[in-house]
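Here is how the chains run, residue by residue.
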Number of protein chains: 2
Amino acid sequence: MDSFKVGIVGCGTVGGGVVKLLLENGELIRERIGRPVEIAFVADPQRERALALGVPKEKVFPDGIEALKADCDAVVELIGGTGIAKRVVEEALKKGRHVVTANKALLADYGEELFRLAKENGVSLKFEASVGGGIPVIKALREGLAGNRIEAIYGIINGTANFILTQMSQRGISFEEALKEAQELGYAEADPTLDVDGYDAAHKIAILATLAYCRFVKTEQVFVRGIREITPLDIEIAREEFGYGVKLLAITKLVNGEIEVRVHPTMIPENHILASVNGVFNACFVEGDFVGETLFYGKGAGREPTASAVVSDIVDLALGNTYAVPECLFKGENLRVREPEEFTSSFYLRFTALDRPGVLAKIASILGKHNISIKMALQKSIEFDGGVPVVMTTHPAPKKAISLAIKEIDALDVIVKPTFVCMIEELEERA
Amino acid sequence: MDSFKVGIVGCGTVGGGVVKLLLENGELIRERIGRPVEIAFVADPQRERALALGVPKEKVFPDGIEALKADCDAVVELIGGTGIAKRVVEEALKKGRHVVTANKALLADYGEELFRLAKENGVSLKFEASVGGGIPVIKALREGLAGNRIEAIYGIINGTANFILTQMSQRGISFEEALKEAQELGYAEADPTLDVDGYDAAHKIAILATLAYCRFVKTEQVFVRGIREITPLDIEIAREEFGYGVKLLAITKLVNGEIEVRVHPTMIPENHILASVNGVFNACFVEGDFVGETLFYGKGAGREPTASAVVSDIVDLALGNTYAVPECLFKGENLRVREPEEFTSSFYLRFTALDRPGVLAKIASILGKHNISIKMALQKSIEFDGGVPVVMTTHPAPKKAISLAIKEIDALDVIVKPTFVCMIEELEERA
């Protein structure tokens, strides 16, 4: 059978990984699919990056747009960002080439128009590597669970944040210390905002929600809270007193025919399998109406795992599996995305109060006034942040009521610091 | 687009689940793939089973072979066993219909000829539901990780055995008690041999090894040991003294250009994610050269999860994704399957000895003579099985040497019961 020709635009960390994989495992892939995958060209302004990997120099171009003039079946966009990357993807689709990308920002911001463009040109736009690195979770959701109504997805899909929380949890160190370590190890950027403030996870859960619920979800529709405010004390109390682990979860779920899409620190039962996902590993826990609970776990970033995902898309295309996104995305009947104030959840609340009689009663009375039912309460006889920690967990309550109550409580003269609030998901595996 | 017509042969637990899924979620599937999946017919000697689910009576046939005369695009074989099921699959393939099956015994025994038949007739034989129930692990291996050399697969792929071991571990009960509970809950058959003696897992790992290593692996090539000999004492010692959990693992891995395929109780570090897979849940931990470590987790059996997997195959076919098995399977250059006596592993050994001076020295000296290096040793001052337990773990050693040493040790007059031997896999997630 004819070879399947791919042009790779961008030969940095991931692009270089894809070139390496295709060169090292090319024979294995040919044996598996009965057809060779051939590198048609590699484009990168730093041509030496491709040359160093052994790509013949006649196949190495400095300019991604120029390179598209060469013959190929699919273009792999691994430039990143939404500038030149967007132009390359558009040009390639218009030329009738399939496109593979790992670019979550591009998809989150321009997914709708790019998928339309692919559809108009009768080609496929594939994006396995955009969420969960090497974990084939897009494929699982789109194909492996295709018969299921997706009830919920709970994802640990930012390895940096998970590494930091794991270090804080296992060693009792502060957020700042753990972030510094992550930076020293190359797991976090000098400016860690995208990772620790939840925006990277928001891009990714927008993509998963789009697939699961057949409606384009944009990043700005995702409720986002990062992990900066979490203290080792909260992690310790959650575990020792309530049996919870703390994770930055990206969540999307069906609630009364509408959907929620959110990223925030979340307490989950520590015996739940998601709580065992540590370090830079990622995982998506997916609940379907027929399949029940499933989990997909692996490395969420890095040169080799991401290359593995990109190549799975290339192999799919080489086999003629050119279906990319659910047809219904173009139908325009959208499930509504709920506003944060409509969420209902159990909550963990840590108040920082002066050590005086009657404090607990004051807090409890305000919560009661807002119809918030307390599940457990404890007061620690330690000094923390200029007061004593008073911790409560609640039964499910409207987020709106919690916000109003916290505002009132934080205005009390016995409260010395803003209250730390964390949502709880009472995940339970049903055997 | 035209509807995709499926004929379902066998309307028992799984067949009924597939009918139910297609009826309940048919509209959802149509929206996702832009094409309706239509039930062409349902065949079952007990016609009322299909009728009760709402299949119109003109589509319900008593005879699976007769039913194949009706027009359809794919036949779904859910009879089970290797008798009539085999005939139905063969007839359907010969008629040029794609086939979907959940029948692991059929594939393990007749996979080679059936896949050849499918290839000759230009159709696909799909089998997602044959391993891991609802978990899309076949798809992951075949497509999602298609770019990777598969270094190893460690599977918990028998829910009954995992339920029993989980109960023994969490509650300290005996194998017999846990089996009885599993039977009462419907998780184990009256004759539990297939599950607890490892044969069901052997069928499944033969299928996974076939896909991973491009050579037909038959069940009789799998080394199999079941879980009947495990005691709560071993589980407790493994956890408390050595930090291991005990699982029935189905393993296949590349070792020096050859492969091992085996099913046996295995001790693994209890902080490894596989050790968190409890109850009737299944999981496959897959190591690829590029992707690194991945895990696929979910319900390995049951009406709804299995139906989810069957329908994912149907959806693939409806989308034209008709690739089924690696091309190289038909090439005939096989990786050799290693014999059990060639395995090298760390071992857990529990001797049952008389409480006399010099026992430890005698055991240690025989192990030393066979070049087996002891990692840890402990003697419990409790009575068990008419002696005292003397437990050792070893550094990696040839299984052959262990067998010879144990034979010699068990012949000592101070040893009162056959020694309990369990392999250890020092699994470690590399972050």
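The rules we used
- Residues numbered from 1 in each chain as written.
- Chains lettered and ligands numbered in written order.
- Predicted model: local features only at pLDDT ≥ 70, side-chain atom pairs only at ≥ 80, totals over all residues.
- Heavy atoms only, no water.
- Helix = DSSP H or I, 4+ residues; strand = E, 2+ residues; numbered from the N terminus.
- Rg over C-alpha atoms; globule rule 2.2 N^0.38 Å.
- Contact = heavy atoms within 4.5 Å.
- Areas by Shrake-Rupley, 256 points an atom, 1.4 Å probe, with all protein chains shown as cover.
- Lys, Arg positive; Asp, Glu negative; His and termini not counted.
- Charge placed at Lys NZ, Arg CZ, Asp CG, Glu CD.
- Least-squares fit on C-alpha atoms with pLDDT ≥ 70 in both.
- Phe/Tyr/Trp six-rings, centres within 6.5 Å; stacked < 30°, edge-to-face > 60°.
- Buried < 20%, exposed > 50% of the residue type's maximum accessible area, 1.4 Å probe, protein only.
- Lys NZ or Arg CZ within 6 Å of the ring centre and 35° of its normal.
- Buried area = accessible area lost by both parts, 1.4 Å probe.
- Salt bridge = Lys/Arg side-chain N within 4 Å of Asp/Glu carboxyl O.
- Polar contact = N/O pair within 3.5 Å; in protein donor to acceptor, adjacent residues only side chain to side chain.
- Nonpolar A, V, L, I, M, F, W, Y, C, P; charged D, E, K, R; others polar.
- Pairing = 2+ DSSP bridges.
- UniProt positions renumbered as here; feature names shortened; annotations may be inferred.
- Bend = angle between axes of the 7 residues up to and from the residue.
- Domains from an automatic or database assignment.
- Disulfide = S-S within 2.5 Å.
- Axes fitted to C-alpha atoms, helices over the stretch in contact; angles between N-to-C directions.
- Parallel < 35°, antiparallel > 145°, perpendicular 65-115°, else oblique.
- Left-handed = near helix turned anticlockwise from the far one by under 90°.

## As for the overall build of chain A
Within chain A one finds 15 helices and 17 strands. A compact globule built from 431 residues would reach a C-alpha radius of gyration of about 22 Å, and chain A, at 24 Å, matches this within 12%. Look at the contacts in chain A between residues 6 or more apart in sequence, and 73% of them connect residues 24 or more apart. Surface accessibility of chain A: about 15700 Å² in total, with carbon and sulfur atoms responsible for 48%. For chain A, the separation between the mean place of its 49 positive charges and that of its 61 negative charges on side chains is 3 Å.

## Thoughts on the relation of the copies chain B and chain A
Rotating chain B by 180° and translating it 0.0 Å along the rotation axis places it on chain A, where the RMSD comes to 0.0 Å. This pairing of chains is accounted for by a two-fold axis. Taken as a fraction of all interface residues of chain B, those also at the interface in chain A reach 98%, which identifies the copy contact as same-surface.

## Structural notes on the packing of aromatic side chains
Following the criterion strictly, the structure yields 23 aromatic pairs over all chains and no others. Ring centres of B:Phe41 and B:Phe61 lie 6.0 Å apart, and the angle between their planes is 85°; on these two criteria the pair is classed as edge-to-face. Taken together, the residues span a long stretch of sequence, with B:Phe41 in strand β2 (residues 37-43) and B:Phe61 in strand β3 (residues 60-61) at a distance of 20 residues. Its relative accessible area of 27% is what places B:Phe61 among the partly exposed residues. With a centroid separation of 6.3 Å and an interplanar angle of 85°, the aromatic rings of B:Phe242 and B:Tyr348 are classed as edge-to-face. One end of the pair, B:Phe242, is in helix α12 (residues 232-242); the other, B:Tyr348, is in strand β13 (residues 344-353), with 106 residues separating them in the sequence. Ring-pair connections join several aromatic residues into one group, and the members of that group are A:Phe115, A:Phe127, A:Phe216 and A:Phe330. Above the plane of the ring of A:Phe343 lies A:Arg262, whose end atom (NZ or CZ) is 4.8 Å from the centre. One cation-aromatic arrangement involves B:Lys86 over B:Tyr110; the distance from NZ or CZ to the ring centre is 4.5 Å.

## Brief notes about the interface of chain B and chain A
Each partner contributes to the interface: chain B provides 62 residues, whereas chain A provides 61 residues. Both sides together, the interface formed by chain B and chain A hides about 5100 Å², and carbon and sulfur atoms give 58% of it. Sorting the residues of chain B by area buried against chain A places B:Arg32, B:Phe290 and B:Tyr297 first, and these three jointly supply 17% of that buried surface. In this assembly, chain B and chain A are joined by four salt bridges. Between the two partners, chain B and chain A, sit 23 residue pairs in polar contact (both at pLDDT 80 or more). The dominant element in the side of chain B that touches chain A, judged by the number of residues it contributes, is strand β12 (residues 292-299) of chain B, at eight residues. Considering only residue class, the side of chain B that touches chain A consists of 31 nonpolar, 15 polar and 16 charged. The pairing of strand β12 (residues 292-299) of chain A with β12(B) spans three bridges and is classified as antiparallel. Residue pairing across strands places A:Phe296 opposite B:Phe296, the latter belonging to β12(B).

## A word on the UniProt feature "binding site: NADP(+)" (unreviewed entry) in chain A
All names here are of chain A. The UniProt record marks Val9, Gly10, Cys11, Gly12, Thr13, Val14, Gly15 and Gly16 with the feature "binding site: NADP(+)" (unreviewed entry), using the residue numbering of this structure. Position of Val9 among the secondary structure elements: in strand β1 (residues 4-9). According to the relative accessible area criterion, Val9 is buried, its value standing at 2%. In this structure, Val9 is in contact with Phe41, Ala43, Gly64, Val75, Val76, Glu77, Leu78, Ile79 and Val88, ignoring residues within four places of it in sequence.

## Observations concerning helix α6 (residues 104-120) of chain A
Residue and element names in this part refer to chain A. By the largest-angle criterion, Tyr110 marks the main kink of α6, which is about 85°. For α6, the set of buried residues is Leu106, Leu107, Ala108, Gly111, Leu114, Phe115, Leu117 and Ala118. Of the surrounding elements, those touching the buried residues of α6 are β4 (74-77), α5 (84-94), β5 (98-101), β6 (125-126) and α11 (199-213). Positive phi shows up at Gly122, right after α6, with a value of about 65°.

## Considerations on the UniProt feature "binding site: NADPH" (unreviewed entry) in chain A
Residue and element names in this part refer to chain A. UniProt records the feature "binding site: NADPH" (unreviewed entry) for Lys104 in the present numbering. You can see Lys104 is positioned in helix α6. With residues near it in sequence (within four places) discarded, Lys104 still touches Ser130, Asp200, His203, Lys204 and Ile207.

## Side note on the domain arrangement of chain A
All names here are of chain A. Splitting chain A by domain gives domain 1 (4-130), domain 2 (137-300) and domain 3 (344-424). Here the C-alpha centre of domain 3 lies 25 Å away from the C-alpha centre of domain 2. Counting each side, the surface lost to burial between domain 2 and domain 3 is near 1500 Å², with a carbon and sulfur contribution of 72%. It is Leu233, Phe242 and Met267 in domain 2 that bury the most area against domain 3; as a group they hold 38% of the surface buried on that side.

## Here we look at the state of the cysteines
Across all of its chains, the model carries two disulfides over all chains by this definition. Between the sulfur atoms of A:Cys214 and its disulfide mate A:Cys328 the distance is 1.8 Å. Residue A:Cys214 is located in the loop between α11 and β8 (223-224), and its partner A:Cys328 is located in the loop between α13 (303-318) and β13 (344-353); the two are separated by 114 residues in the primary sequence. There is no disulfide at A:Cys284, and the cysteine sulfur nearest it, in A:Cys214, is 18 Å away. Its relative accessible area of 2% is what places A:Cys284 among the buried residues. Looking at the unpaired B:Cys72, the closest cysteine sulfur is the one in B:Cys11, lying at 16 Å.

## Observations regarding the packing of helix α6 (residues 104-120) of chain B against helix α11 (residues 199-213) of chain B
Residue and element names in this part refer to chain B. It is at 9 Å that the axes of α6 and α11 come closest, and there the two elements cross at 55°. The orientation of α6 with respect to α11, classified from their angle, is oblique. Judged by the sense of rotation from one axis to the other, the crossing of α6 with α11 is left-handed. Here Lys104, Ala105, Leu107, Ala108 and Asp109 of α6 come into contact with α11, specifically with Asp200, His203, Lys204 and Ile207. Taken together, the residues that form the contact of α6 with α11 break down as four nonpolar, one polar and four charged.

## With respect to the side chain of A:Thr294
Among the structural elements, A:Thr294 can be located in strand β12. Apart from the residues lying within four places of it in its own chain, the contact partners of A:Thr294 are A:Leu145, A:Cys284, A:Phe285, A:Val286, B:Tyr297 and B:Gly298.

## Description of the pattern of salt bridges
Tallying each qualifying case throughout the model produces 74 salt bridges over all chains. With a closest N to O distance of 3.4 Å, B:Arg116 and B:Glu112 form a salt bridge. In this pair, B:Arg116 and B:Glu112 are both assigned in helix α6, four residues apart and thus about one turn of the helix distant. A relative accessible area of 34% places B:Arg116 in the partly exposed class. In this structure, B:Glu143 and B:Lys139 form a salt bridge, with 3.1 Å as the shortest nitrogen-oxygen distance. Here B:Lys139 and B:Glu143 lie together in helix α7 (residues 137-144), a separation of four residues that amounts to about one turn. Given a relative accessible area of 2%, B:Lys139 falls into the buried group. Here the salt bridges do not stand alone but share partners, grouping A:Lys126, A:Lys139, A:Arg142, A:Glu143, A:Asp316, B:Lys126, B:Lys139, B:Arg142, B:Glu143 and B:Asp316 into one network.

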